[in-house]
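Fold and geometry: a report
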Amino acid sequence: MTISPFRSDILKGKVAFITGGGSGINFGVAKALASHGADIAMMGRREDVLEKACTELSKLGVKTFFKGGDVRNPEACLAALDATAHALGKIDILVNGAAGNFLCPPEVLSPNGFKTVVDIDLNGTFNMCRYGYKYLRDTHGLIINISATLHYVGTPFQAHVSAAKAGVDALTVNLATEWGPEGIRVCGIAPGPIGDTEGMKRLAPGDTGEKMKKDIPLRRFGETSEIGMAAVFLASSAASYITGHTLVVDGGQWLTKPPMVPRSMVEQMMAKSLG
Ligand code: HXC
């Protein structure tokens, strides 16, 4: 659990709406925003998960609200946003966290499998931004799109989610420029491997996670609270002139490759050449 360098009331008076906020990375974001005073609304497909998450966050002394719904359904997005504004008064921060993923080679992925992930990750993000706009314009608010680093390179078995997240990053840049004049900032966070999440269960099953850690410069998985703190930073006045930027929080993972030869071989070669 990351210790916050920020005062615990910097987001007091703000209302944050988080899709997929009941679990995993998005619950980490919800918890971090609530820990700094923001009231929290959530939308997701599993109402029991949302209810449990809201009960936990209420213990931090903030107001909470949830509404079941699927981000693929534009009417459900609009209904959840309207209900939140009615219950909590306004919306200052919209976090688009709802996502779907699985490992699958592109040559066997069904068109509907590809479409499903694009519908959740990209079209769902658009739906929320589209209908959240009127509320965010009123508050000079902030959108945080939860992205990924998968599409910065070619990531095997991830064509569907890479295509979707590339689209999400394009939306972040585009909406930042189109809605900046309205006082709306639009940013992204691109998490790397974050431990103890549904995403890592799907992408690094069995002991593959332990092997993966060896290739991460910081040699560990991130924590949901570290993504949460990135969101708190973006929502704070420290980031008031930042828009259109996607902040990578991945321990340096996407920047590097495994060494081409083992270190021991390099040392032997050096010993030979240096005498
Ligand atoms: C191949 C698959 C598949 C799989 C589903 N499909 N799972 N294809 N391999 N493992 C195909 C189905 O066959 C179907 O196509 C189509 O996808 C829709 O599947 P449904 O099960 O009907 O869809 P639905 O119930 O809406 O579920 C959506 C889902 C599911 C994405 C498939 O996994 C889900 O609800 N996920 C939400 C939670 C989640 O994934 N969290 C992890 C996010 S991680 P056909 O052709 O048969 O009809 C993440 C991290 C990114 O985003 C980066 C981290 C570093």
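Further up the page is the structure itself.
Since the model is a prediction, treat every value here as computed from it, not as a measurement.

1. Considering a nonpolar patch on the surface
On the surface, a cluster of nonpolar side chains totalling about 750 Å² of accessible area is made up of M260, V261, M265, V266, M269, M270 and L274. Among the secondary structure elements, M269 is positioned in helix α9 (residues 263–274). Of the residues examined, M269 reaches a relative accessible area of 52% and is grouped as exposed.

2. So, the pairing of strand β6 (residues 185–191)
Burial within β6 is extensive, with 7 of its 7 residues counted as buried. Side chains R185, C187, I189 and P191 of β6 all project onto a buried face; the interleaved residues V186, G188 and A190 project onto the opposite face, where all are buried too. Summarising the sheet, strand β5 (residues 142–146) and β6 pair through 5 bridges and their orientation is parallel. Following the sheet pairing, L142 is matched in β6 by R185. For the crossover that starts at β5, traverses helix α5 (residues 159–179) and ends in the parallel β6, the hand is right-handed. Relative to strand β7 (residues 246–249), β6 runs parallel, the two being bridged by 4 bridges. Within the sheet, the bridge partner assigned to P191 lies in β7 and is V249.

3. Observations concerning the nonpolar core
Counting 35 residues, the largest nonpolar core has F17, M43, V71, M128, I143 and W179 as its most contacted members. Contributing elements (two or more residues each) for this core: β1 (15–19), β2 (39–44), α3 (74–88), α4 (111–139) and α5. Non-local contacts of M128, meaning those with residues more than four positions away in its chain, are made with F17, T19, M43, V71, C77, L81, L94 and N96. If you look at the next biggest cluster of nonpolar residues, it comprises 34 residues, including A30, L33, L57 and I146.

Analysis parameters
Each chain has its residues counted from 1, following the order in which its sequence is written. In view of the model being predicted, local features appear only for residues whose pLDDT reaches at least 70, and side-chain atom pairs are presented and counted only at 80 or more, with totals across whole chains, interfaces and linings using the full set of residues. Here the side-chain values reflect all heavy atoms present in the structure, with hydrogen atoms and water set aside. Patch construction takes residues with relative accessible area above 30% that form no salt bridge. Like charges are linked within 9 Å, and nonpolar side chains (Val, Leu, Ile, Met, Phe, Trp, Tyr) are linked within 5 Å. Using a 1.4 Å probe, the Shrake-Rupley method yields the accessible areas, and only the shown protein chains count as cover for residues. When a carboxyl oxygen of Asp or Glu is within 4 Å of a side-chain nitrogen of Lys or Arg, the pair counts as a salt bridge. Numbering of helices and strands starts at the N terminus; helices are DSSP runs of H or I of at least 4 residues and strands are runs of E of at least 2. Each residue is placed in one exposure class: buried if its accessible area under a 1.4 Å probe, protein chains only, is under 20% of its type's maximum, exposed if it is over 50%, and partly exposed if it falls in between. Here the rule is simple: two strands pair whenever DSSP picks up at least two bridges between them. Viewed with both strands pointing away, a crossover whose connecting path from the first strand over the helix to the second turns clockwise is right-handed. The criterion is simple. A nonpolar core is a set of buried Ala, Val, Leu, Ile, Met, Phe, Trp, Tyr and Cys residues joined through side-chain atoms within 4.5 Å. Contacts were defined at the residue level, with two residues in contact if any of their heavy atoms lie within 4.5 Å.

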